[in-house]
Each structure stands twice: as C-alpha cells, then as structure tokens.
Amino acid sequence: MRVSVTTSVFLGLMASVAFGAPAAAAEKTKFEFWYGLSGDLGERVQDACKKFNESQSDFEIVCTSQNGYDTTLQNTIAAYRAKKQPAITQIYDAGTLDMMLSGAFVPAKKLMADNGYTIDWNNYFGGIANYYATAKGELNSFPFNSSTAMFYYNVDAFQKAGIDFKPDTWEQVEEAARKLKTAGFECPLAFNFDTWPLMEQFSAIHNQPIATKANGYNGLDAELVVNKTKFVDHVKFFKKMADEKLFVVKTKQLGMDIVPAFTSQTCQMIQTSVADHGTIGKTLPENVKWEVAMLPVWKGTERQNSLVGGASLWVLAGRPEAEYKGAAAFLNYLATPEMAEWWSTVTGYIPVTKTGFGAMKANGFYDKAPYKGRELAIQSLSFTPTSENTRGIRLGGFTQIRKEFATALEAIFMQNADVQGELDKTVERGNAVLRRFEKTYAGQTLN
Amino acid sequence: MDKRAAFRSWWLPSLFALPQIILILLFFYWPAVAVLRWAFTLEPPFGGAAEFVGLANFQEVFADPLYWNSVGVSLAFALCGTLATIFIGLVLALAVDRQLPGSAPFRFLYILPYAIAGPAAGMAFRFILSPERGLMASVNAAFPDFWNPAKYGSHALILVIVVFAWKWAGYTFIFLLAGLQSVPRSLIEAAAMDGCGPIRRAVDLQIPLLAPTLFFLLVIMMTEGFVGADTYGIVARTTDGGPNHGTDVMVYRIVEEAFRGLNYSGASAQSLVLIGLIMIFTFIQFRFIERQVHYK
C-alpha cells in the first residue's frame, strides 16, 4: 500500500501532463503574420501583435519580421509555392499588382463578410483605398501603414540665410538653395536616386502620367511615358542644380543617405516619407527648429493629390478555416479607432480611415510639438479627388522598373549621361519588363 | 590477397552514402531540374500555369546589351579577383614558410578573414573605403575625385575586387602554405648554400614546384569569382551592381532578375548560360593549361 501512494501521485501528474496541458493550449488558434518593417518600426508591429494577443483568448498571432519589403514579397512567394505561407503578409505598394494577379489571396471584403464583420469601406481615404482596390472599388488588401512623401527643411538654417518664406514651389526651393549657399551652407538640398519622391510623387502632384492606361489600371498592355512628361524637365532642373552644387547627391554608397544628412544638419532640405517624421524628430537635437511641407510644385501648377506609399496587409489563400477567423479578428482589431490612433502616434504613418484622422484631429494630436506637421501628409494625399494619374501605379514588375530608373538617375547625376537619352533608354527597358509581365499573365485581366 | 575495399556487400556502403545522395538530389538536382524547366517556360511567380516558350527566354537574354555588359564585368572581376587572391596568398605563404621567430600566430590571422561572411566584409569595406568618410576621404580632400566608387564604374570594380581578395586570400594561403611545406627542406637549403636569396629561391624553386597547387587554385577561384555566393553578397552590400551597371556581375544580375524582378524564367535562362560558361572554362583550363603544369 505504501507504493500505491507514490504511484497514484505519479499517475496523477502524468495524467495532468498528458491531458491537462494540451487541452488548455488547444483552445487558441495560432496563425502567422509576416511583415517587412524592421528596426524601430518593426518593434511597433511586435507591440501591436502583443496588444492583440492580450486583448482576447481565442487566437494567438505569431509575428515575424522578414527584414525589408522586397524580402517579404520574395519569402511570401517562396512560402506559398511550398504551401507554408503565413495567414497574413505585409506587401509594399510596388508589389500590389503581383499580388492581385497571383490568385493567392482572400479579398479583404470577402474575408470580413465571411467572418461576420461589417466594415465601412467608404471610411478609407480614397487615395489610399484606390491603390489596393479593384476597378470597382472593392478592397483586396487592408491598408495598414500608409505614407506619402513630404518636404523637410531646417528652419534655423533658413533664418540664418535670411529666407522668410516656406518653399511651396520649386522656384522658391531654388531661391532658398542659392541663399543657403551664399550663407555658407555647403549642402542646401540633399537627394538620392529613390524614384518614389522624385518621379512617382512628382508626377502625381503635377498630374502627369507614369504610364498609359491610367498608370496601368486599365490594362496590362500599359506603356511607360515618363520620358515625355514634365518629369524630364524636372530631372534637367535637378541636374542644373546639382552642377551648381546647390543640390547634392547623398546615398549610402557615398557614405551618408539623405535622412542622416538632414538630421546631422549637413544638408538643409530633403524630400522623404512622412514615416521618417518620427525618426527625424527623435534624432535632431531638440533646440533645432525644422518643419515639413507638402512637396513643392512648379509655379502655375494646379496641385493634385499625392500617391500613397507604404504597405498593405494581404490574407493568403490556402490556410485552414480556423485561421481565417483569427486573421479577420486581428484585422478588425487593427481597424478600431484606438488602435489606429496608437499606431499612427508611435510611428509616423498616417491614419488610413477618415474617422481615425477625425478623432486624432479632434483630440489635438497634430497640435502637439513632435507630431506637428504630420497632418500635411493627409492633406497632400487628399488634396484633390484622385485622377487617372494619381490613383496609383499598377504596373507589373514595378520593383524592377524602379531599379532601372534609379540606375538611370545614377548615370545622369554621377556620370553626366544625357537626360533625355537615358530616360528614353530606361523607358524602353521598363516596357520590356511590362511586356514580359503581360505575357506571363496572358489571358488574365485586371478586375 | 584480397585487394578489394573492406566492404563485402553492396548495401552497407550504399547506406553510408545515402544521406549524401539524398542531400545532393534535394539541394542540387531538384533545383537544377526546376531551372531547366523554367528556362523554357514563362513561370508566374506564385506558380500556376506556365506556358512553354521554347528559346524565347534565351533570345531575350542575348538581345539585352546589359547582359553582355555583365559577362564582361564578370570576366574582369573573376580574373582580377583570382590573380589578386593567389598573389596575396602566395606572398603570405612564402613569408610564413620562412619560419621566422613569431610567425606562427600569423597563420591563424591570415586565415581569419575567410571565416567572415562576404556581405559582412562588403558592408565593412563600404565604410572603410567610402569616398566621403573613410580612409580615402583625406586623399579625396587633396585630390578631388581621386577615389569615388559611387561615380566611376572602374573604382567600384576595384572596390569589390579588394573585398573579394581580402576575404579569399586566406583560403589560397592555406593551400599554398601546405604546398610550400611539402617542398623538401634539403632542396631549399642546398639552394641557399649555393647563394640563392629568398626571392630567387621562390621564383626558381618553390613556385615551379607549387604549379599543381596554383593551377588548382586558379580553377577554384575563377569558379568562385563567377558563381560564388560571396560574389553576390559582396556586390549587393558594397555597390548594388552600380554605378550604372559598372559592377553588375552575372550572379548579381541573376539574383536580382529572379527575386527583385520576379522573373524566374529569365533568371533560369541566365543560370543555364552561366553553367555552360563555367563548364567551358573548366574544360579549357584542364585540357590546355594543365598540360603545361609540371607535376613532380
């Protein structure tokens, strides 16, 4: 009988290990979320996942950074082909068309309707939603971290150089650059070969096309036309400014990119994403005054809305049914006004819904010092109703096309290549990419 | 006497070889077959119906002037990189082989860079040799534009070759040192007694005896320069193929095309061409150069 006491205790323990623990764990449905953000922004995504997991007891989201937007797309494709895809993945703007034609996702609207959530899709800002929606305006993916390009300038330097205006036009930017140079500032404006502000955002706010067929929205047979628009003159202007050493190339290859150039006060003006607003505020010494403005336009231009950048969340096809309930719950959670506000506060990203923006404006968020100026991003995005040229860019292989143009800009600015000739050549190369994409997806149409 | 190996049955050695065979099938032949298939079809990134297009992918590749540019860049990179690694490795090996007091720790130090991943080395050298902030900044201050890999393709090519040589010289060093140490000491001593200085001994005695090792390294390093994973890592981290395609080596182009451009078919076609080139090179090297190599 002595033995049986120990035995029964032992058996009891075994039973609790065997039946008790798994029973508790089985209640939660685990699912995966891959994202591209890294560094500080990546940490904030982890915070969001933690908040969601703590908010309910049915699901557990496992969030993994893939370190970069392009690698997230690559890894998502590899995983999908191996049937090991995550339930949710974060895909950047340039990968939108690749995703749309993949047939590898569950449309946002269908997912939410199937799982009993009602979402007011009209609540999303038009400029944002149109980027990720079908031609009929139905969202395929969830806008998540949205941004647009802004113009940052050092107010202290402006004052020292005796500049008493805000640079709204490129004529004014030139004037400011000359005054800064005269006042002894070696690098009035810094730029790199990122096409997003220089080509894409510029074309949108000046209502210039990047490609035919409404930048690709009306068919896969679109062709690039940026070598025939105002963009050419804009590059020529930049080239002239660079030759006079008023605009200075700052890239990683040269040892310093534009944001560090601005925050180290090496350069006094840059154009970059509003998502950098938080970083710039944190990095510049507190006593330095700086401002943001909407991207400048050429004098006499009727400003159009700018393009949305950043990424959206796609729910991938082929996962077990239970995971979709979790994915829908997570996406619904992100869309709540409290979460939208939190996300927008801790990053520089803008609220993607009108109610989210309204709430933040009402509680005075944009009046407070470190966040001041961020509302201009939304003003810029919703400056006018979207036109054919400002709805978005829906071109296949756009990552590669961007790289081709970046290389062209490099040749123009670093090696004195002829502006028109280089752009003509690049458009031809870009069109070859588009034709190959069209052939790869022959028989499919945009919806 | 039984001259056969220790195994009397076929199944035991097969069993030992099995893990290796599985690994090779899984990680070499399977992808190779996929590449072969994709090179002749248009493969949608997410999978699905791929259309057979015959030689169209190859035609596209060969019609692209930038492809031929990358062939030239690759040749220059592999050739200069190979010669640099072998030369540096040889100088280091000759120095260590002289067995001067205190030379032992250098064997270890010289091999060390080989243990560092290519991308990490590339990243470090991007800062070290940055035209605006690194070692060359002061030279540039005195002679503007003396060194600017962000502007001149030739400088950028030198930059990636420097990183490659820094990383791989340690590898060639190991082989060359081993080769040198198998040269009979009596020969060296006899030469020394005949009044040959260290340089004369190296040129007339040691290097000729090293010929088989040097030839082996020539083949290995050329292949590494052309298709090595390090080559991609170094280029991606230092110059991104630029400026203006100045360092756009073939492997970099393939990876970019496949993963950035999501053009699996075009990248596969390029891979097949590259494999073909490597086979031709190796064939030429063994067929014609090996004959000139003096064994024993």
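Numbers given to residues run from 1 along each chain, matching the order in which its sequence is written. Chains carry letters from A onward and ligands carry numbers from 1 onward, assigned in written order. This being a predicted model, a pLDDT of at least 70 is required before a residue's local features are given, and a value of 80 or more before pairs of side-chain atoms are given or counted; all residues contribute to the totals for chains, interfaces and linings. For side-chain calculations, the full set of non-hydrogen atoms in the structure is used, while hydrogens and water are omitted.

- An unreviewed UniProt entry lists chain B under the name sn-glycerol-3-phosphate transport system permease protein UgpA, from Ensifer adhaerens.
- UniProt positions are given in the numbering used here, feature names are shortened, and annotations may be inferred rather than shown by experiment. Recorded in UniProt under Sequence similarities (unreviewed entry), the annotation for chain B is "Belongs to the binding-protein-dependent transport system permease family."
- According to UniProt, the comment filed for chain B under the heading Subunit (unreviewed entry) is "The complex is composed of two ATP-binding proteins (UgpC), two transmembrane proteins (UgpA and UgpE) and a solute-binding protein (UgpB)."

## A word on the overall build of chain B
- Numbered from the N terminus, helices here are DSSP runs of H or I no shorter than four residues, and strands are runs of E no shorter than two. Of regular secondary structure, chain B possesses 13 helices and two strands.
- Buried positions account for 45% of the 296 residues belonging to chain B.
- Measuring between centres, the 19 positive side-chain charges of chain B sit 10 Å from its 18 negative side-chain charges. Relative accessibility under 20% of the residue-type maximum defines a buried residue, over 50% an exposed one, and the middle range a partly exposed one, all with a 1.4 Å probe and only protein chains included. The sign given to each residue is positive for Lys and Arg and negative for Asp and Glu; His and the chain ends receive no count. Taken as the charge centre is NZ of Lys, CZ of Arg, CG of Asp or CD of Glu, depending on the residue.

## A word on the interface of chain B and chain A
- We call two residues contacting when some pair of their heavy atoms lies within 4.5 Å. Chain B puts 38 residues into the contact, and the matching count from chain A is 30 residues.
- As used here, buried area is the combined drop in accessible area, with a 1.4 Å probe, of two parts when they are placed together. Together, the buried faces of chain B and chain A total about 3,200 Å²; carbon and sulfur atoms form 53% of this surface.
- When the buried surface of chain B facing chain A is broken down by residue, Phe46(B), Asn244(B) and Arg260(B) rank first, second and third, together holding 25% of it.
- By salt bridge we mean one thing: a side-chain nitrogen of Lys or Arg within 4 Å of a carboxyl oxygen of Asp or Glu. Run the count over chain B and chain A and you get four salt bridges.

## Brief notes about empty space enclosed by the protein
All names here are of chain A.
- Cavities and pockets are defined on a 1 Å grid built over the protein atoms alone: a cavity is a set of grid points where a 1.4 Å probe fits but cannot escape, while a pocket is an open set with protein on both sides within 12 Å along at least five of seven lines, and lining residues are those with an atom within 4 Å of any such point. Grid points are joined across faces, edges and corners, and a volume is the space filled by probe spheres set on the points. With the rule as written, the count across this model stands at seven cavities of 30 Å³ or more.
- Its volume calculated, the largest cavity comes out at about 190 Å³.
- If you trace the largest cavity, you find 14 residues lining it, with Pro143, Phe144, Leu334, Ala335 and Val352 closest to the centre.
- If you list the elements that add at least two residues to the lining of the largest cavity, you get β5 (142–147), α14 (321–335) and α15 (337–346).
- Along the lines of polarity and charge, the residues of the lining of the largest cavity split into 13 nonpolar, one polar and no charged. Classification convention: Asp, Glu, Lys, Arg as charged; Ala, Val, Leu, Ile, Met, Phe, Trp, Tyr, Cys, Pro as nonpolar; all other residues, Gly among them, as polar.

## Structural notes on the state of the cysteines
All names here are of chain A.
- Any pair of cysteine sulfurs within 2.5 Å is marked as a disulfide. The tally for this structure, following the rule as stated, stands at two disulfides over all chains.
- Across a sulfur-sulfur distance of 1.9 Å, Cys49 and Cys63 are joined as a disulfide pair. Given an S-S torsion of about -105 degrees, the disulfide between Cys49 and Cys63 has left-handed geometry. Of the two residues, Cys49 is situated in helix α2 (residues 39–55) and Cys63 in strand β2 (residues 59–65); the sequence distance between them amounts to 14 residues. For the pair Cys49 and Cys63, a shared accessibility class is recorded, and that class is buried.
- Paired through a disulfide, Cys187 and Cys267 show a sulfur-sulfur distance of 2.0 Å. Taking the sign of the S-S torsion, about 100 degrees here, the bridge from Cys187 to Cys267 comes out right-handed. With Cys187 in strand β7 (residues 187–191) and Cys267 in strand β9 (residues 267–273), this pair connects stretches of sequence that are 80 residues apart. Each member of the pair Cys187 and Cys267 is classed as buried.
- Here the bonded cysteines of chain A are numbered in sequence order, and their pairing is 1-2, 3-4.

## Focus on the nonpolar core
- Only buried residues count toward a nonpolar core, which is a set of Ala, Val, Leu, Ile, Met, Phe, Trp, Tyr and Cys residues joined through side-chain atoms within 4.5 Å. In this structure, Phe33(A), Ile88(A), Phe142(A), Phe247(A), Met269(A) and Phe413(A) are the most contacted members of the largest nonpolar core, which totals 210 residues.
- The element best represented in this core is helix α7 (residues 153–181) of chain B, accounting for twelve residues.
- In contact with Phe247(A), not counting residues within four places along its chain, are Trp170(A), Val173(A), Ala177(A), Leu189(A), Phe191(A), Phe237(A), Phe238(A), Met241(A) and Ala242(A).

## Things to note about the UniProt feature "transmembrane region" (unreviewed entry) in chain B
Residue and element names in this part refer to chain B.
- Cross-referencing UniProt, the feature "transmembrane region" (unreviewed entry) maps to residues 12–32, 75–96, 108–129, 156–178, 209–229 and 269–289 in the present numbering.
- Secondary structure within residues 209–229 divides into 90% helix and 0% strand; the distance between the first and last C-alpha atoms comes to 31 Å.
- Annotated as 100% helix and 0% strand, the span residues 269–289 places its first and last C-alpha atoms 29 Å apart.

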